[in-house]
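# Coordinate inspection notes
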Amino acid sequence: MEKLEKKPFADALQGSRIQLVISSPKYTQQVFDYIQRDHNLGGVNYSWVESLEDVAKHITTTPEENFQEINYLILKENIAIGSIHIHTISYSDHKAEVGYGIEKGEEGKGFVSEALQLVLSEMKRLGFNKAVINCDRENSRSISVAKRNGFSYEGLLLQDCIENGRFRDSMIFGKLLR
């Protein structure tokens, strides 16, 4: 099988209650505001962000031309409330990993599932065969999102990475898109 052709992801994806837009410098203040709201409620999205400059350098940068990582912002009524990103993209294997985060005040309202469905449809349109979710085995919310959206449990990676100063065990979920 041939390598998947690198094609641009859509700049915006419209859902019934949210819109996804490719992250860009024009959203830096909005993203910083959403992260601050999340932190004020005890959330941990982008726990390392301390300034507007952190957001500008690492989150709202212009998308790469080689399509190795795609970051969408989740907008509700044109206000950023979270993000969903496609990363660890393998064009040779026709698959990519999907990660997401939403501010604590918007958790449990189905916005992440709606965003995930939009991203999966876009990945399918572009010819991807598989999407993967890799999450902390203690992150019950992320595990629920994966299961609720038709992902199957594929395995557990012990001490897979270091997160917040400790080794993290990762659960792997996968979904075929064809």
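Just so it is clear, the model here is predicted, and its values are computed rather than measured.

## Considerations on the sheet that holds strand S3 (residues 70-76)
With mixed pairing, the eight strands of this open sheet are ordered in space as S1-S2-S3-S4-S5-S6-S8-S7. Each edge of the open sheet is held by one strand with a lone partner, namely strand S1 (12-14) and strand S7 (152-163). Each strand of the sheet is rotated relative to its neighbour by a mean of 25°, with strand direction disregarded. When strand S4 (residues 79-90) meets strand S5 (residues 95-102), the two strands line up antiparallel, connected through seven bridges. Looking across to S5, one finds that His85 is bridged to Gly99.

## Notes on the pattern of salt bridges
With the rule as written, the count across this model stands at 11 salt bridges. For Lys109, the salt bridge goes to Glu106, with nearest N and O atoms at 3.2 Å. The class for Lys109 is partly exposed, based on a relative accessible area of 41%.

## Thoughts on the packing of aromatic side chains
Enumeration according to the criterion identifies four aromatic pairs in this entry. When the ring of Tyr46 is compared with that of Trp48, the centres are 6.1 Å apart and the planes differ by 85°; the resulting orientation is edge-to-face. With centroids separated by 5.8 Å and ring planes inclined at 65°, the aromatic side chains of Tyr153 and Phe173 adopt a geometry described as edge-to-face. Highlighted residues: Tyr153 in strand S7 and Phe173 in strand S8 (residues 166-176), separated in sequence by 20 residues. Given a relative accessible area of 46%, Tyr153 falls into the partly exposed group. Within the aromatic cluster, the residues linked to one another by ring pairs are Phe9, Tyr91 and Phe128.

## Quick look at the pairing of strand S6 (residues 130-136)
Along S6, six of the seven residues are buried, which leaves the element largely enclosed by surrounding structure. Inspection of the sheet shows S5 paired to S6 by three bridges, in the parallel sense. Each bridged residue has a counterpart across the sheet, and for Lys95 the counterpart in S6 is Lys130. Handedness of the crossover joining S5 and S6 through helix H3 (residues 111-125) is recorded here as right-handed. Across seven bridges, the pairing between S6 and S8 is antiparallel. The residue bridging Asn134 from the neighbouring strand is Ile172, located in S8.

## Comments concerning the layout of surface pockets
Of the voids in this model, the largest pocket is the one considered here, and its volume is about 1,500 Å³. The set of elements that each furnish at least two residues to the lining of the largest pocket consists of helix H1 (28-40), S3, S4, S5, H3, S6, helix H4 (140-148) and S8. When residues of the lining of the largest pocket are assigned to their parent elements, the largest contribution, six residues, is made by S5. Per-class residue counts for the lining of the largest pocket are 15 nonpolar, 19 polar and 14 charged.

Rules and cut-offs
- Along each chain, residues carry numbers from 1 onward, in the same order as the chain's sequence is written.
- Two thresholds apply to this predicted model, a pLDDT of at least 70 for residue-level local features and 80 or more for giving and counting side-chain atom pairs, whereas whole-chain, interface and lining totals are computed over all residues.
- Note: side-chain values were computed over all heavy atoms of the structure, leaving out hydrogens and water.
- When DSSP finds at least two bridges between two strands, those strands are taken to pair.
- Here a strand is any run of E in DSSP of at least two residues, a helix any run of H or I of at least four, and the numbering for each starts at the N terminus.
- Orientation is described by axes fitted as lines to C-alpha atoms, over the contacting stretch for helices, and by angles from 0 to 180 degrees between their N-to-C directions.
- One speaks of a salt bridge when a side-chain nitrogen belonging to Lys or Arg is within 4 Å of a carboxyl oxygen belonging to Asp or Glu.
- A 1.4 Å probe rolled over the protein chains alone gives each residue an accessible area, and that area as a share of the maximum for its type sets the label: buried under 20%, exposed over 50%, partly exposed in between.
- Under the pairing criterion, centres of Phe, Tyr and Trp rings, with the six-membered ring standing for Trp, must be within 6.5 Å; the plane angle then separates stacked pairs below 30 degrees from edge-to-face pairs above 60, leaving the rest tilted.
- Handedness rule for crossovers: strands pointing away from the viewer, path from the first strand over the helix to the second running clockwise, crossover right-handed.
- Any residue with an atom within 4 Å of a point lines the site, the site being either a cavity, points on a 1 Å grid over the protein atoms alone where a 1.4 Å probe fits but cannot get out, or a pocket, an open set with protein on both sides within 12 Å along at least 5 of 7 lines.
- Grid points are joined across faces, edges and corners, and a volume is the space filled by probe spheres set on the points.
- Note on residue classes: Ala, Val, Leu, Ile, Met, Phe, Trp, Tyr, Cys and Pro are nonpolar, Asp, Glu, Lys and Arg are charged, and everything else, Gly too, is polar.

These results come straight from atomic positions and should not be treated as a statement about function.
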